[in-house]
Number of protein chains: 2
Amino acid sequence: MTTAPPAPPRPLRVTALAGGVGGARFLRGLLTALDETGTGRPAAELTVISNTADDITLHGLRVCPDLDSVMYTLGGGIDEQRGWGRSEETSGVADELAAYGQRPTWFTLGDKDIATHLVRTRLLREGLPLSEVTARLLQRWRPPFRTPVRLLPMTDDVVETHVDLARVDPAAHHGEAGGRRVHFQEWWVRLHAKVPAERIEPVGADAARPGPGVLEAVAGADVVLLPPSNPVVSIGTILRVPGVREALRATAAPVVGVSPVIGGAPVRGMADACLAAIGVPTTARAVAALYADLLDGWLVADQDAFDGGPALRVLPRPLLMSDTAATAALAAAAIDLLLELRAAGARRDGDRASA
Amino acid sequence: MTTAPPAPPRPLRVTALAGGVGGARFLRGLLTALDETGTGRPAAELTVISNTADDITLHGLRVCPDLDSVMYTLGGGIDEQRGWGRSEETSGVADELAAYGQRPTWFTLGDKDIATHLVRTRLLREGLPLSEVTARLLQRWRPPFRTPVRLLPMTDDVVETHVDLARVDPAAHHGEAGGRRVHFQEWWVRLHAKVPAERIEPVGADAARPGPGVLEAVAGADVVLLPPSNPVVSIGTILRVPGVREALRATAAPVVGVSPVIGGAPVRGMADACLAAIGVPTTARAVAALYADLLDGWLVADQDAFDGGPALRVLPRPLLMSDTAATAALAAAAIDLLLELRAAGARRDGDRASA
């Protein structure tokens, strides 16, 4: 008589929301932490729900900067210096597009990167949804971690963040007078968010349907992470897709976030300009308040510690993702807090402030 | 009292049909010859009617090899060594497409070249006809000749030459067993035309409408040139567009061609494989017979001279386009023959053999 070997313990289901560069770096640290052995943490599997609202069509190519930043970063193809785009990149196509007088020229499209957009654009035109296209692109990258990774667009529908620019003195803004609506990328990349935004609108978000697996990844998660991505145009936009915020409120999994703000300034990027547009101060506490209805734990810099009350565990930790080791340590702290909250059954009804 | 200055003489209207590499080189020589001063020839303007039947969609990009070969060659962007594609080209996109497992890989798409295809594809998707797209692309190139140049696709409709491959021994053809239909480019580029073609069909040609200005350029021409392009898949395909052959028969302009064959072998390329597919011997005389209903003059190599009878002036000349000077001399001989035929009113009804 033989007995079946004991079933292996089910992997810990980790679900993370993510924007671009900062989110991607955090996720790489997270996978590094999850891969570590001898930590006492269970084996895990990671599902990433990616923002797609900064997607843009340029020269007929569908460009998904956040999906690509995650894909390239996890797959080892990222330009580490810039934090986005491909390493050892060339600009043969872009230089020639400029010679043809094609606009815009302010969005950098490297040659290797263009290959990604060509594949994506062709598959989308053939009728495949972005989620399926993304899964196929990821096959080329095969993130080299023990922990399996899925990358899900927040939606297969087209959502594009637009920005209403305030009127400004053109002399002070390289000829830009403002008073018009631009794609988020034009505000972010061309104007470096230096012209104030009067309004930031993820056009199409309210009518978008969550992508395949998105709601399930939240509902079925054991733990949920909010990396230090932009709270307005990255995490905020994912939360605008109908059903996602509700799923995060309803899930049994504890939700822990990492502040994208240290001491009144964004860790990276220009999140302060986005927060200003929605009238929110650039503080770790104010950003936590944006997630008040769904957040159980919040990692902040030492100087930003505050009392979160019974509903929110505020944990001071070094937030700078200066290298992979520091990032992995930060992610490990977030995971450990999540495991602790989960073990304590911390997520009970009424545990959190209502939105 | 003043008198108006005499009107300048109208430029000589030269119309040429053209395929890719060979046609493009001949046209560059032609423009060089037309630009020469002190020759006694009148100032001219050139209209090129380009084959589009070797066009192909690759990775979602619309590629027009013959139009581009003419455009790059006349505009100074051609790779002189290969005779096609851009000079100082790189392969960042193509290498990455291969890394994504994208097929085919046998068609070389350089980065600079891809920029052309991106612009073209976008404009076509926006609804512009190929003729307008081509005119816009040509603005970037501005051929540096005194003689103005127009480049007209033979049609704005989609025509693609397909080839029925004979069944062959895969061991002798790198695994290709034949017995199937492929795009002309696959036969030409991947198989180097080494698998015999049972049939060559310009799909869509019979229903295509001549592009804007095409019939007018033939009817209104002072002289018409057939460069030494492939008589089957380049010139032959242009002649298949309804109305074009008829216009060439009906025009008052004399028509002079340059043989693409020297002593039983094609000057360049694999025209013999195409001629074999339609059961025509690879001789200068047999190619002339393909044009019998419209040809007034025929430049051949010395060893290929034959008596064309009263309808066809056969002129032996060195045909090798070894450099621009040799090509310009060949083109000048063709132009001078055309001017002579025109002055003699050689193109009278009944002057030519009927088709």
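Analysis parameters
Residues numbered from 1 in each chain as written. Chains lettered and ligands numbered in written order. Predicted model: local features only at pLDDT ≥ 70, side-chain atom pairs only at ≥ 80, totals over all residues. Heavy atoms only, no water. Helix = DSSP H or I, 4+ residues; strand = E, 2+ residues; numbered from the N terminus. Rg over C-alpha atoms; globule rule 2.2 N^0.38 Å. Buried < 20%, exposed > 50% of the residue type's maximum accessible area, 1.4 Å probe, protein only. Contact = heavy atoms within 4.5 Å. Expected span 1.5 Å × (residues − 1). Buried area = accessible area lost by both parts, 1.4 Å probe. Salt bridge = Lys/Arg side-chain N within 4 Å of Asp/Glu carboxyl O. Polar contact = N/O pair within 3.5 Å; in protein donor to acceptor, adjacent residues only side chain to side chain. Nonpolar A, V, L, I, M, F, W, Y, C, P; charged D, E, K, R; others polar. Axes fitted to C-alpha atoms, helices over the stretch in contact; angles between N-to-C directions. Parallel < 35°, antiparallel > 145°, perpendicular 65-115°, else oblique. Left-handed = near helix turned anticlockwise from the far one by under 90°. Least-squares fit on C-alpha atoms with pLDDT ≥ 70 in both. Pairing = 2+ DSSP bridges. Arc of directions from axis to C-beta. Core = buried A, V, L, I, M, F, W, Y, C linked by side-chain atoms within 4.5 Å. Phe/Tyr/Trp six-rings, centres within 6.5 Å; stacked < 30°, edge-to-face > 60°. Lys NZ or Arg CZ within 6 Å of the ring centre and 35° of its normal. pLDDT = per-residue confidence, 0-100.

Caption draft 1: Structural view of the overall build of chain A. For chain A, the count of helices and strands is twelve helices and 14 strands. A compact globule built from 355 residues should have a C-alpha radius of gyration of about 20 Å, and chain A, at 20 Å, falls within 12% of that. The proportion of buried residues among the 355 residues of chain A is 58%. Residue pairs in contact within chain A that sit at least 24 positions apart in sequence constitute 72% of those at least 6 positions apart.

Caption draft 2: Spotlight on helix α1 (residues 21–35) of chain B. For α1 of chain B, with 15 residues, the first-to-last C-alpha span of 21 Å sits near the 21 Å given by 1.5 Å per residue. Across the 15 residues that make up α1 of chain B, a large majority, 13, are buried.

Caption draft 3: Expanded view of the interface of chain B and chain A. Between chain B and chain A, the residue contacts involve 26 residues of the former and 26 residues of the latter. Buried surface at the junction of chain B and chain A, both sides included, amounts to about 2100 Å², of which 65% is carbon and sulfur. A per-residue breakdown of the area chain B buries against chain A is headed by E96, Y100 and L118 of chain B, which together make up 30% of the total. Taken together, the links from chain B to chain A amount to four salt bridges. With a shortest N-O distance of 2.9 Å, R86 of chain B and E96 of chain A are connected by a salt bridge. At the boundary of chain B and chain A, one finds ten residue pairs in polar contact (both at pLDDT 80 or more). Ranked by the residues each element gives to the side of chain B that touches chain A, the list is headed by helix α4 (residues 111–125) of chain B, at nine residues. The residue makeup of the side of chain B that touches chain A, split by class, is 13 nonpolar, six polar and seven charged.

Caption draft 4: View of the packing of helix α2 (residues 65–75) of chain B against α4 of chain B. Residues and elements named next belong to chain B. Packing of α2 against α4 brings their axes to within 12 Å, and their N-to-C directions diverge by 120°. With respect to their mutual orientation, α2 and α4 come out oblique. α4 is crossed by α2, and the crossing has right-handed handedness. For the pair formed by α2 and α4, the contact residues are D68, M71 and Y72 on the first element and D113, T116, H117 and R120 on the second. Looking at the contact of α2 with α4 residue by residue, the class counts come to two nonpolar, two polar and three charged.

Caption draft 5: Region of the structure containing the relation of the copies chain B and chain A. For the pair chain B and chain A, the best superposition has an RMSD of 0.0 Å and corresponds to a rotation of 180° with a translation of 0.0 Å parallel to the axis. The superposition operator between the copies reduces to a two-fold rotation axis. Across chain B, the smallest distance between a C-alpha and the rotation axis is recorded for D111 of chain B, namely 3.5 Å. Taken together, the interface assignments show that 100% of the residues at the interface of chain B recur at the interface of chain A, consistent with an identical surface on both copies.

Caption draft 6: Focus on the sheet that holds strand β7 (residues 181–183) of chain A. All names here are of chain A. Taken together, the three strands give an open sheet; going across it, the order is β7-β6-β8, and neighbouring strands pair in antiparallel fashion. Looking at the sheet topology across the chains shown, the edges are occupied by β7 and β8 (197–203). The average undirected angle you get between the axes of adjacent strands in this sheet is 25°. Looking at chain direction, strand β6 (residues 160–165) and β7 are connected through three bridges and run antiparallel. By the bridge assignment, H162 is partnered in β7 with H183.

Caption draft 7: Geometry of the sheet that holds strand β8 (residues 197–203) of chain B. All names here are of chain B. Spatially, the three strands line up as an open sheet ordered β7-β6-β8, and their pairing is antiparallel. Only two strands of the sheet have a single partner each, and these edge strands are β7 (181–183) and β8. Averaged over neighbouring strand pairs, the angle between their axes works out to 25° when direction is ignored.

Caption draft 8: How the structure looks around the pattern of salt bridges. Residues and elements named next belong to chain A. Considering all chains together, one arrives at 48 salt bridges over all chains under this definition. Between E160 and R62 there is a salt bridge, and its shortest N-O distance comes to 2.7 Å. Here E160, found in strand β6, pairs with R62, found in strand β4 (residues 61–63); they are 98 residues apart in sequence, far enough to count as distant. Summarising the burial analysis for this pair, E160 and R62 share the class buried. Members of the salt-bridge network, linked through shared partners, are D164, R181, R199 and E201.

Caption draft 9: Region of the structure containing helix α3 (residues 92–99) of chain B. Turning to α3 of chain B, its buried residues number three or more, namely G92, V93, E96 and L97 of chain B. Looking straight down α3 of chain B, one finds that the buried residues subtend no more than 130° of arc, so they occupy a single side. Buried residues along α3 of chain B sit against α3 (92–99), α4 (111–125) and α5 (130–141) of chain A together with α4 of chain B. Following α3 of chain B by one or two positions, G101 of chain B adopts a phi angle in the positive range, close to 75°.

Caption draft 10: Just the nonpolar core, in detail. Ranked by internal contacts, the top residues of the largest apolar core, which has 119 residues, are V14, L225 and L299 of chain A together with V14, L225 and L299 of chain B. Every residue in contact with V14 of chain B, bar those within four places of it in the chain, is listed here: L30, L34, A44, E45, L46, T47, V223, L225 and I335 of chain B.

Caption draft 11: Structural view of the packing of aromatic side chains. For the coordinates displayed, the defined rule picks out twelve aromatic pairs over all chains. Aromatic side chains W106 of chain A and F107 of chain A sit 6.3 Å apart centroid to centroid with 65° between the ring planes, which places their arrangement in the edge-to-face category. Classification of W106 of chain A as partly exposed rests on a relative accessible area of 22%. Here F107 of chain A falls in the buried class, since its relative accessible area comes to 14%. In this structure, R140 of chain A packs its charged tip against the face of Y100 of chain B, placed 5.6 Å from the ring centre.

Caption draft 12: Here's a closer look at the pairing of β6 of chain A. Residue and element names in this part refer to chain A. Of all six residues in β6, five are buried; the element is thus mostly enclosed. Note: β6 against β8, six bridges, orientation antiparallel. Across the sheet, residue T161 finds its bridge partner in β8, namely P202.

Caption draft 13: How the structure looks around the confidence of the model for chain A. Averaged over every residue, the pLDDT of chain A is 95; residues scoring 70 or more account for 96%. In the predicted assembly, ipTM is 0.93 and pTM is 0.94.

Caption draft 14: Main features of the environment of P11 of chain A. Residue and element names in this part refer to chain A. With respect to the helices, strands and loops of the structure, P11 is situated in the segment before β1 (12–18). Classification of P11 as partly exposed rests on a relative accessible area of 29%. Sequence separation between P11 and P310 is 299 residues, and the spatial gap between their C-alpha atoms is 29 Å.

Caption draft 15: Geometry of unusual backbone geometry. The linkage connecting R103 of chain A with the following residue, P104 of chain A, adopts the cis geometry, with an omega of -5°. Along the chain, P104 of chain A turns up in the loop between α3 and α4. Although it is not a glycine, E88 of chain B adopts a positive phi angle of roughly 45°. With respect to the secondary-structure elements, E88 of chain B resides in the loop between α2 and α3. Owing to a relative accessible area of 71%, E88 of chain B belongs among the exposed residues under this scheme.

Caption draft 16: Representation of the environment of P65 of chain B in the model. Residues and elements named next belong to chain B. Structurally, P65 can be placed in helix α2. With relative accessibility at 17%, the residue P65 sits in the buried group. Remark: the alpha-carbon pair of P65 and L137, spanning 72 residues in sequence, is separated by 14 Å. Look past the residues within four positions of P65 in its chain and what remains in contact with it is D54, D55, F107 and Q185.

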